[in-house]
Amino acid sequence: MATMRVVQVSRPNGPFEIVQRPIPEPGPGTVRIKVLACGICHSDSLIKEGAFPGIQYPRVPGHEVAGVIDAVGSNAPGWEKGQRVGVGWNGGYCGYCDPCRHGEFFACVRGQTTGISYDGGYAEYMIAPAGAIARMPADLPPADAAPLMCAGVTTFNALRNCGARPGDVVAVLGLGGLGHLGVQFAAKMGFHTVGIARGKDKEPLARQLGAAVYIDSKSQDPAAELQKLGGARAILATATSGEAMSAVQGGLAANGTLLVIGAAESMQVSPIWLLMGCRSVKGWYSGTSIDSQDTLTFSSRTGVRSMNESFPFERVNEAYERMMSGKARFRVVLTIAQ
């Protein structure tokens, strides 16, 4: 029987183990993907540390998957062997619960999460539901595509649904793994893009990524600086600091939205400020497979690229620690040699 290598976690807080497993066969409604690259996301710590309820171990993490379809199960129309595809956080939805019937597939009560509900992309092969996969453009290298399946779709999808129009002021708070993509997407969408981060030293990067204006939140009041520009139609908050989010909300224009995608524990919001300007604070879920496909297509067409540090499959422990340290610039990707 043919075998493959996978990286599994056998128990909460257990080590990564590289083991041999039989190569699985796709069942009805699924495809088998030969994994070419898989991003390492901070959310993978949920599997490593056992922080997500209901995980069955051993489990193979990984929800930033780029690869090629290797085999197709029955009842998976539209998918063929040899197609280049990606798989993201959303691992499929039932299609018949009330949220799905309303078209809110991200809120499916039976929804699955790649690398949590079933084995993910820290492997040479994986099985994915046909509804969870996205077509990957031919000119997008797998290592470039992988982070777009989570960090990319989260920022792209939030921005394209933020209500701003080309020419409007849109700010991106934070220039890390999410923010460096958010600035690129905002600029390519035609927004008057403002980058906000701590320290003057980050200005060259912000402008390189496409920001027309840079605000150093360490030496400037970001809310006041945004109001000098007329206020922001949207602020994409990618930082994981509730304090930083609270400090920028005063920069919103009337009817502006603070879009929160950084998982801070808490933040302070001024009800009076919201009321007086019909402003809002909103969270944004990453997206479904079609959103990921749109992200890949847009990135390919416009030249948006993730800045990555790549590691071979065998150095998964080093790669994971690099990601968890917060020192990576800016995403970490496992390249999986075949």
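Here the structure is a predicted model, which is why all the values come from computation and not from measurement. Starting afresh in each chain, residues are numbered from 1 along the sequence in its written order. For this predicted model, a pLDDT threshold of at least 70 governs which residues receive local features, and a threshold of 80 or more governs which side-chain atom pairs are given and counted, while totals over whole chains, interfaces and linings are taken from all residues. Excluding hydrogens and water, the side-chain values take into account all heavy atoms of the structure.

## Side note on the overall build of the protein
Line of reasoning, step 1. When helices and strands are counted, the protein shows 11 helices and 15 strands.
Line of reasoning, step 2. In terms of overall size, the protein behaves like a compact globule, its C-alpha atoms giving a radius of gyration of 20 Å where 338 residues would be expected to give roughly 20 Å.
Line of reasoning, step 3. Overall size of the protein, expressed as C-alpha extent along the three principal axes, is 65 × 45 × 40 Å.
Line of reasoning, step 4. A simple rule labels every residue: compare its accessible area, found with a 1.4 Å probe on the protein chains alone, to the largest value its type can have, and call it buried under 20%, exposed over 50%, or partly exposed in between. Here the protein, with 338 residues, has 54% of them falling under the buried criterion.
Line of reasoning, step 5. Two residues form a contact once any of their heavy atoms are found within 4.5 Å. Pairs at least 24 apart in sequence give 64% of the contacts found in the protein among residues at least 6 apart. Numbering of helices and strands runs from the N terminus; a helix is a DSSP stretch of H or I covering at least four residues, while a strand is a stretch of E covering at least two. The size measure is the radius of gyration over C-alpha atoms, and the globule rule it meets is 2.2 Å times the number of residues to the 0.38 power.

## Some remarks on the layout of surface pockets
Which parts of space are left empty comes out when a probe the size of a water molecule is rolled across the atoms.
Line of reasoning, step 1. Note on definitions: the grid is 1 Å and covers protein atoms alone; a cavity is a set of points where a 1.4 Å probe fits but cannot get out; a pocket is an open set with protein on both sides within 12 Å along at least five of seven lines; lining residues have an atom within 4 Å of a point. Grid points are joined across faces, edges and corners, and a volume is the space filled by probe spheres set on the points. As a volume, the largest pocket reaches approximately 1400 Å³.
Line of reasoning, step 2. If you trace the largest pocket, you find 46 residues lining it, with Gly177, Leu178, Thr238, Ala239 and Thr240 closest to the centre.
Line of reasoning, step 3. Elements with a contribution of two residues or more to the lining of the largest pocket: α4 (151-160), β9 (192-197), α8 (242-248), α11 (316-325) and β15 (331-335).
Line of reasoning, step 4. When residues in the lining of the largest pocket are grouped by element, the largest group, 4 residues, is from α8.
Line of reasoning, step 5. For this scheme, ten residues count as nonpolar: Ala, Val, Leu, Ile, Met, Phe, Trp, Tyr, Cys and Pro. Four count as charged, namely Asp, Glu, Lys and Arg, and the remainder, Gly too, count as polar. A per-class count over the lining of the largest pocket returns 25 nonpolar, 14 polar and 7 charged.
Line of reasoning, step 6. Around the second largest pocket, the lining comprises 13 residues; the ones closest to its centre are Phe106, Asn157, Trp284, Gly287 and Asp291.

## Considerations on the pattern of salt bridges
If the charged atoms of two oppositely charged side chains come close together, the side chains can form a pair.
Line of reasoning, step 1. For this document, the term salt bridge refers to a Lys or Arg side-chain nitrogen within 4 Å of an Asp or Glu carboxyl oxygen. Scanning the model with the defined rule gives 16 salt bridges in all.
Line of reasoning, step 2. Residues Arg305 and Asp144 are paired through a salt bridge, measuring 3.9 Å at the closest nitrogen-oxygen approach. Of this pair, Arg305 sits in the loop between α10 (289-302) and β14 (308-312) while Asp144 sits in helix α3 (residues 142-145), placing them 161 residues apart in sequence.
Line of reasoning, step 3. Looking at Arg305, the relative accessible area reads 26%, which means it is partly exposed.
Line of reasoning, step 4. Judged by relative accessible area, which is 21%, Asp144 ranks as partly exposed.
Line of reasoning, step 5. Arg207 serves as the salt-bridge partner of Glu203, at 2.9 Å between the closest nitrogen and oxygen. Residue Glu203 and its partner Arg207 are both found in helix α6 (residues 203-209); the two are separated by 4 residues, about one turn of the helix.
Line of reasoning, step 6. The partly exposed category is assigned to Arg207, whose relative accessible area is 41%.
Line of reasoning, step 7. Overlapping salt bridges bring together Arg5, Glu124 and Glu314 as one network.

## Digging into the environment of Gly78
Line of reasoning, step 1. Mapped onto the fold, Gly78 is located in the loop between β4 (65-72) and β5 (84-87).
Line of reasoning, step 2. Sequence separation of Gly78 and Ala130 is 52 residues, and the distance between their C-alpha atoms is 8.9 Å.
Line of reasoning, step 3. If we ignore the near neighbours within four places in the chain, the residues touching Gly78 are Gln83 and Arg135.

## A word on the packing of α4 against helix α5 (residues 179-188)
To describe two helices that pack against each other, one gives the angle between their axes and the distance between the axes.
Line of reasoning, step 1. All axes are obtained by fitting lines to C-alpha atoms, using only the stretch in contact for helices, and the reported angles, taken between N-to-C directions, cover 0 to 180 degrees. Close contact between α4 and α5 brings their axes to 9 Å; oriented N to C, the two are set at 40°. With respect to their mutual orientation, α4 and α5 come out oblique. In the packing of α4 onto α5, the handedness of the crossing is right-handed. Between α4 and α5, the residues in contact are Ala151, Gly152, Thr155, Phe156 and Leu159 and Leu181, Gly182, Phe185 and Ala186, respectively. In this scheme, roughly parallel covers angles under 35 degrees and roughly antiparallel covers those over 145, while 65 to 115 is roughly perpendicular and the rest are oblique. Helix crossings fall into two classes, left-handed where the near helix is turned counterclockwise from the far one by less than a right angle and right-handed where it is turned clockwise.

## Regarding the nonpolar core
A general trend in soluble globular proteins is that nonpolar side chains are found buried together.
Line of reasoning, step 1. Only buried Ala, Val, Leu, Ile, Met, Phe, Trp, Tyr and Cys residues count toward a nonpolar core, and they belong to the same one when joined by side-chain atoms within 4.5 Å. Ranked by size, the top nonpolar core spans 40 residues in total, and within it Leu159, Leu175, Phe185, Met189, Phe191, Leu236 and Leu296 carry the most contacts.
Line of reasoning, step 2. Formed by 36 residues, the second largest nonpolar core is a distinct cluster that contains Ile40, Ile69, Ala130 and Phe313.

## Looking at unusual backbone geometry
Line of reasoning, step 1. In this chain, Tyr57 is followed by Pro58 through a cis amide linkage whose omega measures 0°.
Line of reasoning, step 2. The topology assignment puts Pro58 in the loop between α1 (45-49) and β4.
Line of reasoning, step 3. Arg329 connects to Phe330 through a cis peptide bond whose omega is -5°.
Line of reasoning, step 4. Looking at where Phe330 falls in the secondary structure, it is placed in the loop between α11 and β15.
Line of reasoning, step 5. A positive phi angle is found at Asn13, which is not glycine, with a value near 65°.
Line of reasoning, step 6. When you line up the elements, Asn13 lands in the loop between β1 (3-9) and β2 (16-22).
Line of reasoning, step 7. The residue Asn75 is not glycine, and still its phi comes out positive at about 60°.
Line of reasoning, step 8. One can find Asn75 in the loop between β4 and β5.
Line of reasoning, step 9. We classify Asn75 as exposed; its relative accessible area is 64%.

Geometry only, nothing functional implied.
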